[in-house]
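Residue-level structural notes
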Amino acid sequence: MTMRGKFLLVLFLIISLFACNKIAESLTEFDITYHSSATIPATVSLSVPFDIPLPPVTTNTEEEFENNNTHKDLIKEIHLKTLELTITDPADGDFGFLRNIEIYISADGLREKKIAWKLNIPDNVGETLELETTSEDLKEYLFADKFKLRVRATTDRLITRDYDIDIKTVFHVKANIFGS
């Protein structure tokens, strides 16, 4: 074999090794998406934080793990990738009335933790609001059968009617696969 042939063979092996590692990594990472609904009530005062408790969210993570060839014991970490709020009613509504918003997560036996926030929200923000998210590992919350989200908001403008919002949470899972 010529020197050029040996070089090409070694190069091919190196590229193959990196490609296999990338494929293995993609098989071990996936997203889980949840939707919750909340109502921001018509406000009676400005600049006073108020809480909006939400009904519990059923996780169904065991099924998600199984669908991705993994198991709870093989999960390395789960992080909140995105948390997005969208106004569903009124149709012409926007989040310009908010000054600040924070989202907290809790589950049975686990302390409440702030997972997303947006401070000093501009008046021209529109009907969708993407929040900043924590980098903390949240796997214990998603291992629970259910978790709860709580919204804490402060307004800087009075609203005369309730605002219905969709809360979309996307969690990114890193896990080993069965047999690895």
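In this text, all values refer to a predicted model and were calculated from it rather than measured experimentally.

**Some points on the sheet that holds strand β7 (residues 128-130)**
- One open sheet accounts for 4 strands, arranged β1-β10-β4-β7; its pairing is antiparallel. Each edge of the open sheet carries a strand with a single partner, namely β1 (29-40) and β7. Averaged over all adjacent pairs, the angle separating strand axes in this sheet is 20°, with direction ignored.
- As defined by bridge partners, strand β4 (residues 75-89) adjoins β7 across 3 bridges and the pair is classed as antiparallel. By the bridge assignment for β7, Glu 84 is matched with Glu 130.

**Examining the packing of aromatic side chains**
- Overall, the coordinates contain 7 aromatic pairs when judged by the stated rule.
- Site record: aromatic cluster; members linked through ring pairs are Phe 30, Phe 65 and Phe 143.
- Across from the ring centre of Trp 117, 5.4 Å away, lies the NZ or CZ of Lys 114, which sits over that ring.
- Just above the ring of Tyr 104 sits the side chain of Arg 150; from NZ or CZ to the centre is 4.4 Å.

**Description of the side chain of Thr 61**
- For Thr 61, the location among the structural elements is in helix α2 (residues 61-67).
- A polar contact of 3.0 Å, which involves the side chain of Thr 61, links it to the backbone oxygen of Leu 142.
- Ignoring any residue separated from it by four or fewer positions in sequence, one finds Thr 61 in contact with Ile 32, Tyr 34, Leu 142 and Phe 143.

Definitions and cut-offs
Residues numbered from 1 in each chain as written. Predicted model: local features only at pLDDT ≥ 70, side-chain atom pairs only at ≥ 80, totals over all residues. Heavy atoms only, no water. Pairing = 2+ DSSP bridges. Helix = DSSP H or I, 4+ residues; strand = E, 2+ residues; numbered from the N terminus. Axes fitted to C-alpha atoms, helices over the stretch in contact; angles between N-to-C directions. Phe/Tyr/Trp six-rings, centres within 6.5 Å; stacked < 30°, edge-to-face > 60°. Lys NZ or Arg CZ within 6 Å of the ring centre and 35° of its normal. Polar contact = N/O pair within 3.5 Å; in protein donor to acceptor, adjacent residues only side chain to side chain. Contact = heavy atoms within 4.5 Å.

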